[in-house]
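If you want the building blocks of each chain, they are given just below.
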Amino acid sequence: MPYRPRELVVRAREAAGVLLATLDRNEMVARFLDIYAAENRRPGRADHPAFYREQLQTVRREAILAAVLRIEAALPARLKVSVTVRGAKRPQKAKKGKKGKKAKKLARTKARKQTGSLELAIPFLDLFREEFFVALGQSLDWSDADAQEFWHDLELYENLSAGESLRHSARPTRAPASGPFVDRVALLLDPSLMEQARRAAGKFQVEINSAADRVLRKVFSRRRAN
(Lines give C-alpha, C1' and ligand atoms only; values in the text may rest on other atoms or scores of the structure.)
Protein backbone atom coordinates (compact mmCIF):
# COMPACT_ATOMS: atom_id res chain seq x y z
CA MET A 1 0.00 0.00 0.00
CA PRO A 2 1.68 3.25 -1.11
CA TYR A 3 -0.02 5.49 1.51
CA ARG A 4 -0.11 5.35 5.29
CA PRO A 5 -3.47 5.85 7.04
CA ARG A 6 -2.52 9.34 8.22
CA GLU A 7 -1.62 10.31 4.64
CA LEU A 8 -4.99 9.07 3.40
CA VAL A 9 -6.87 11.05 6.06
CA VAL A 10 -5.09 14.27 5.07
CA ARG A 11 -5.67 13.69 1.36
CA ALA A 12 -9.32 12.74 1.83
CA ARG A 13 -10.12 15.88 3.78
CA GLU A 14 -8.14 17.99 1.34
CA ALA A 15 -10.01 16.44 -1.59
CA ALA A 16 -13.37 17.51 -0.14
CA GLY A 17 -12.19 21.08 0.30
CA VAL A 18 -10.55 21.30 -3.11
CA LEU A 19 -13.67 19.89 -4.78
CA LEU A 20 -15.96 22.55 -3.32
CA ALA A 21 -13.41 25.29 -4.02
CA THR A 22 -13.12 24.11 -7.64
CA LEU A 23 -16.89 24.28 -8.12
CA ASP A 24 -17.37 27.60 -6.39
CA ARG A 25 -14.22 29.58 -7.11
CA ASN A 26 -14.95 29.99 -10.81
CA GLU A 27 -18.73 29.85 -10.29
CA MET A 28 -19.02 26.78 -12.51
CA VAL A 29 -22.72 26.25 -11.82
CA ALA A 30 -23.66 29.93 -12.14
CA ARG A 31 -21.73 30.19 -15.39
CA PHE A 32 -23.48 27.10 -16.75
CA LEU A 33 -26.93 28.53 -15.91
CA ASP A 34 -26.10 31.97 -17.31
CA ILE A 35 -24.72 30.61 -20.58
CA TYR A 36 -27.74 28.35 -21.07
CA ALA A 37 -30.17 31.22 -20.45
CA ALA A 38 -28.27 33.55 -22.80
CA GLU A 39 -27.83 31.03 -25.63
CA ASN A 40 -31.41 29.77 -25.52
CA ARG A 41 -33.17 33.02 -24.59
CA ARG A 42 -34.53 31.61 -21.34
CA PRO A 43 -35.22 33.53 -18.09
CA GLY A 44 -32.04 34.21 -16.12
CA ARG A 45 -30.95 35.56 -12.76
CA ALA A 46 -32.23 39.07 -13.47
CA ASP A 47 -35.69 37.84 -14.51
CA HIS A 48 -36.54 35.65 -11.51
CA PRO A 49 -33.91 36.16 -8.78
CA ALA A 50 -35.57 33.94 -6.17
CA PHE A 51 -36.11 31.07 -8.60
CA TYR A 52 -32.56 31.49 -9.91
CA ARG A 53 -31.07 31.20 -6.40
CA GLU A 54 -33.04 28.03 -5.73
CA GLN A 55 -32.07 26.58 -9.10
CA LEU A 56 -28.42 27.46 -8.48
CA GLN A 57 -28.33 25.62 -5.16
CA THR A 58 -30.14 22.58 -6.52
CA VAL A 59 -27.95 22.22 -9.62
CA ARG A 60 -24.85 22.77 -7.46
CA ARG A 61 -25.91 19.82 -5.30
CA GLU A 62 -26.31 17.67 -8.41
CA ALA A 63 -22.84 18.77 -9.55
CA ILE A 64 -21.39 17.70 -6.19
CA LEU A 65 -23.09 14.31 -6.50
CA ALA A 66 -21.68 13.80 -10.00
CA ALA A 67 -18.19 14.87 -8.94
CA VAL A 68 -18.24 12.59 -5.88
CA LEU A 69 -19.33 9.66 -8.04
CA ARG A 70 -16.45 10.38 -10.42
CA ILE A 71 -13.96 10.56 -7.54
CA GLU A 72 -15.23 7.32 -6.00
CA ALA A 73 -14.86 5.48 -9.31
CA ALA A 74 -11.27 6.66 -9.67
CA LEU A 75 -10.17 5.93 -6.09
CA PRO A 76 -8.97 2.31 -6.51
CA ALA A 77 -6.64 3.30 -9.34
CA ARG A 78 -5.37 6.35 -7.45
CA LEU A 79 -4.71 4.26 -4.33
CA LYS A 80 -3.20 1.50 -6.46
CA VAL A 81 -5.51 -1.17 -5.11
CA SER A 82 -7.84 -3.62 -6.78
CA VAL A 83 -11.17 -4.74 -5.38
CA THR A 84 -12.52 -6.47 -8.46
CA VAL A 85 -13.44 -10.11 -7.90
CA ARG A 86 -13.28 -11.99 -11.16
CA GLY A 87 -15.46 -14.90 -12.02
CA ALA A 88 -14.01 -18.32 -11.35
CA LYS A 89 -12.40 -19.98 -14.33
CA ARG A 90 -12.77 -23.64 -15.17
CA PRO A 91 -9.83 -25.41 -13.49
CA GLN A 92 -7.37 -27.07 -15.82
CA LYS A 93 -6.56 -30.71 -15.41
CA ALA A 94 -3.54 -31.04 -13.15
CA LYS A 95 -0.43 -32.52 -14.65
CA LYS A 96 1.29 -35.41 -12.95
CA GLY A 97 4.76 -35.23 -11.48
CA LYS A 98 6.79 -32.29 -10.21
CA LYS A 99 5.44 -29.82 -12.76
CA GLY A 100 1.89 -30.50 -11.65
CA LYS A 101 2.77 -29.98 -7.96
CA LYS A 102 4.62 -26.77 -8.85
CA ALA A 103 1.62 -25.44 -10.76
CA LYS A 104 -0.71 -26.16 -7.81
CA LYS A 105 1.64 -24.43 -5.39
CA LEU A 106 1.88 -21.37 -7.66
CA ALA A 107 -1.93 -21.21 -7.96
CA ARG A 108 -2.37 -21.36 -4.16
CA THR A 109 0.21 -18.60 -3.66
CA LYS A 110 -1.47 -16.43 -6.29
CA ALA A 111 -4.88 -16.93 -4.68
CA ARG A 112 -3.54 -15.93 -1.25
CA LYS A 113 -2.01 -12.76 -2.71
CA GLN A 114 -5.26 -11.78 -4.44
CA THR A 115 -7.29 -12.37 -1.26
CA GLY A 116 -4.80 -10.40 0.82
CA SER A 117 -4.91 -7.52 -1.66
CA LEU A 118 -8.70 -7.47 -1.53
CA GLU A 119 -8.81 -7.53 2.28
CA LEU A 120 -6.21 -4.76 2.47
CA ALA A 121 -7.81 -2.60 -0.22
CA ILE A 122 -11.28 -2.27 1.28
CA PRO A 123 -10.28 -0.72 4.67
CA PHE A 124 -8.07 1.85 2.95
CA LEU A 125 -10.82 2.80 0.52
CA ASP A 126 -13.30 2.99 3.39
CA LEU A 127 -10.92 5.20 5.40
CA PHE A 128 -10.56 7.67 2.53
CA ARG A 129 -14.30 7.73 1.86
CA GLU A 130 -15.22 8.18 5.52
CA GLU A 131 -12.85 11.12 6.01
CA PHE A 132 -13.86 12.61 2.65
CA PHE A 133 -17.56 12.58 3.51
CA VAL A 134 -17.01 13.88 7.04
CA ALA A 135 -15.06 16.84 5.64
CA LEU A 136 -17.64 17.38 2.89
CA GLY A 137 -20.50 17.39 5.39
CA GLN A 138 -18.67 19.81 7.67
CA SER A 139 -17.98 22.20 4.80
CA LEU A 140 -21.60 22.07 3.65
CA ASP A 141 -22.94 22.27 7.22
CA TRP A 142 -25.05 19.14 6.85
CA SER A 143 -27.58 18.03 9.41
CA ASP A 144 -28.14 14.30 9.91
CA ALA A 145 -31.12 14.51 7.56
CA ASP A 146 -29.02 16.30 4.92
CA ALA A 147 -26.35 13.59 5.13
CA GLN A 148 -28.90 10.78 4.81
CA GLU A 149 -30.53 12.46 1.84
CA PHE A 150 -27.17 12.92 0.12
CA TRP A 151 -26.23 9.27 0.70
CA HIS A 152 -29.60 8.18 -0.71
CA ASP A 153 -29.12 10.27 -3.85
CA LEU A 154 -25.53 9.11 -4.26
CA GLU A 155 -26.69 5.50 -4.11
CA LEU A 156 -29.30 6.32 -6.72
CA TYR A 157 -26.60 7.88 -8.90
CA GLU A 158 -24.45 4.76 -8.51
CA ASN A 159 -27.26 2.40 -9.44
CA LEU A 160 -28.35 4.42 -12.48
CA SER A 161 -24.77 4.99 -13.62
CA ALA A 162 -23.74 1.32 -13.48
CA GLY A 163 -21.89 0.54 -16.69
CA GLU A 164 -22.04 4.11 -18.01
CA SER A 165 -18.99 5.42 -16.14
CA LEU A 166 -16.72 2.86 -17.79
CA ARG A 167 -17.94 3.77 -21.25
CA HIS A 168 -17.48 7.50 -20.69
CA SER A 169 -14.15 7.25 -18.85
CA ALA A 170 -12.49 6.08 -22.06
CA ARG A 171 -13.99 9.09 -23.88
CA PRO A 172 -13.92 11.89 -21.29
CA THR A 173 -14.49 14.64 -23.86
CA ARG A 174 -17.72 13.16 -25.21
CA ALA A 175 -20.85 14.50 -23.56
CA PRO A 176 -23.19 11.78 -22.22
CA ALA A 177 -26.69 11.83 -23.69
CA SER A 178 -28.33 10.35 -20.59
CA GLY A 179 -27.68 9.34 -17.01
CA PRO A 180 -28.79 10.60 -13.59
CA PHE A 181 -26.94 13.92 -13.76
CA VAL A 182 -28.04 14.69 -17.31
CA ASP A 183 -31.67 13.76 -16.71
CA ARG A 184 -32.04 15.46 -13.32
CA VAL A 185 -30.26 18.66 -14.30
CA ALA A 186 -32.20 18.89 -17.56
CA LEU A 187 -35.44 18.65 -15.61
CA LEU A 188 -34.29 21.41 -13.27
CA LEU A 189 -32.93 23.51 -16.11
CA ASP A 190 -35.65 23.53 -18.72
CA PRO A 191 -38.39 20.86 -18.50
CA SER A 192 -40.20 22.34 -21.51
CA LEU A 193 -37.21 21.64 -23.78
CA MET A 194 -35.78 18.43 -22.37
CA GLU A 195 -33.61 17.35 -25.30
CA GLN A 196 -32.01 20.75 -25.55
CA ALA A 197 -31.48 20.83 -21.79
CA ARG A 198 -30.05 17.30 -21.83
CA ARG A 199 -27.42 18.29 -24.38
CA ALA A 200 -26.39 21.25 -22.25
CA ALA A 201 -26.33 19.13 -19.09
CA GLY A 202 -24.24 16.48 -20.85
CA LYS A 203 -21.63 19.07 -21.79
CA PHE A 204 -21.64 20.37 -18.25
CA GLN A 205 -21.06 16.86 -16.92
CA VAL A 206 -17.88 16.68 -18.99
CA GLU A 207 -16.72 19.83 -17.16
CA ILE A 208 -17.65 18.31 -13.80
CA ASN A 209 -15.79 15.08 -14.58
CA SER A 210 -12.69 17.03 -15.62
CA ALA A 211 -12.89 19.10 -12.43
CA ALA A 212 -13.14 15.93 -10.29
CA ASP A 213 -10.15 14.44 -12.11
CA ARG A 214 -8.14 17.58 -11.42
CA VAL A 215 -9.01 17.36 -7.73
CA LEU A 216 -7.56 13.87 -7.42
CA ARG A 217 -4.49 14.76 -9.48
CA LYS A 218 -3.80 17.69 -7.19
CA VAL A 219 -4.37 15.76 -3.97
CA PHE A 220 -2.23 12.78 -5.04
CA SER A 221 0.29 14.77 -7.09
CA ARG A 222 3.22 14.29 -4.74
CA ARG A 223 4.29 12.54 -1.56
CA ARG A 224 4.27 14.76 1.49
CA ALA A 225 5.33 14.33 5.06
CA ASN A 226 2.07 14.09 7.01
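Calculation rules
- Starting afresh in each chain, residues are numbered from 1 along the sequence in its written order.
- Local features in this predicted model are restricted to residues whose pLDDT is 70 or higher, and side-chain atom pairs enter the listing and the counts only when it is 80 or higher, whereas totals over whole chains, interfaces and linings include all residues.
- For side-chain calculations, the full set of non-hydrogen atoms in the structure is used, while hydrogens and water are omitted.
- Surface patches are drawn from residues lacking salt bridges whose relative accessible area is over 30%; two like charges belong together within 9 Å, two nonpolar side chains (Val, Leu, Ile, Met, Phe, Trp, Tyr) within 5 Å.
- Using a 1.4 Å probe, accessible areas were evaluated by the Shrake-Rupley method; residue-level cover was limited to the displayed protein chains.
- We count a salt bridge whenever a side-chain nitrogen from Lys or Arg sits within 4 Å of a carboxyl oxygen from Asp or Glu.
- In this tally Asp and Glu are treated as negative and Lys and Arg as positive; neither His nor the chain ends contributes.
- The atom standing in for a charge is NZ when the residue is Lys, CZ when it is Arg, CG when it is Asp and CD when it is Glu.
- Numbering of helices and strands starts at the N terminus; helices are DSSP runs of H or I of at least 4 residues and strands are runs of E of at least 2.
- Only protein chains enter the accessibility calculation, which uses a 1.4 Å probe. A residue is then buried if its area is under 20% of the maximum for its type, exposed if over 50%, and partly exposed in between.
- Should any heavy atoms of two residues lie within 4.5 Å, those residues are counted as being in contact.
- By definition, pLDDT measures how confident the predictor is in each residue, and it falls between 0 and 100.
- Lines fitted to C-alpha atoms define the axes, with helix axes restricted to the stretch in contact, and inter-axis angles between N-to-C directions lie between 0 and 180 degrees.
- Take the far helix as the reference: if the near one is turned anticlockwise from it by less than a right angle, the crossing is left-handed, and if turned clockwise, right-handed.

S.K.: Please set out a negative patch on the surface residue by residue, giving values where relevant.
M.R.: Taken together, the side chains of Asp-141, Asp-144, Asp-146 and Glu-149 present a region of like negative charge at the surface. Within the secondary structure, Asp-144 sits in helix H5 (residues 144–161).

S.K.: For helix H7 (residues 180–189), give the residues involved together with the corresponding values.
M.R.: In an α-helix there are 3.6 residues to a turn, and that puts residues three or four apart on one side. When H7 is considered as a whole, its buried residues turn out to be Pro-180, Phe-181, Val-182, Val-185, Ala-186 and Leu-189. Against the buried residues of H7 lie helix H2 (28–40), helix H3 (49–78), H5 and helix H8 (194–219).

S.K.: Give me the lowdown on the confidence of the model for the protein chain, citing residues and values where you can.
M.R.: Residues of the protein chain with pLDDT of at least 70 account for 71%, and the chain-wide mean is 79. The low-confidence segment residues 102–120 (pLDDT under 50) makes 6 contacts with residues lying over four places distant or belonging to another chain.

S.K.: Describe the packing of helix H1 (residues 5–25) against H8, with residues and values.
M.R.: Remark: H1 packs on H8, axes separated minimally by 9 Å, with the N-to-C direction vectors making an angle of 140°. In this structure, H1 crosses over H8, and the sense of that crossing is right-handed. Here Arg-11, Glu-14, Ala-15, Val-18, Leu-19, Thr-22 and Leu-23 of H1 lie close against H8, whose contacting residues are Ile-208, Ala-211, Arg-214, Val-215, Lys-218 and Val-219.

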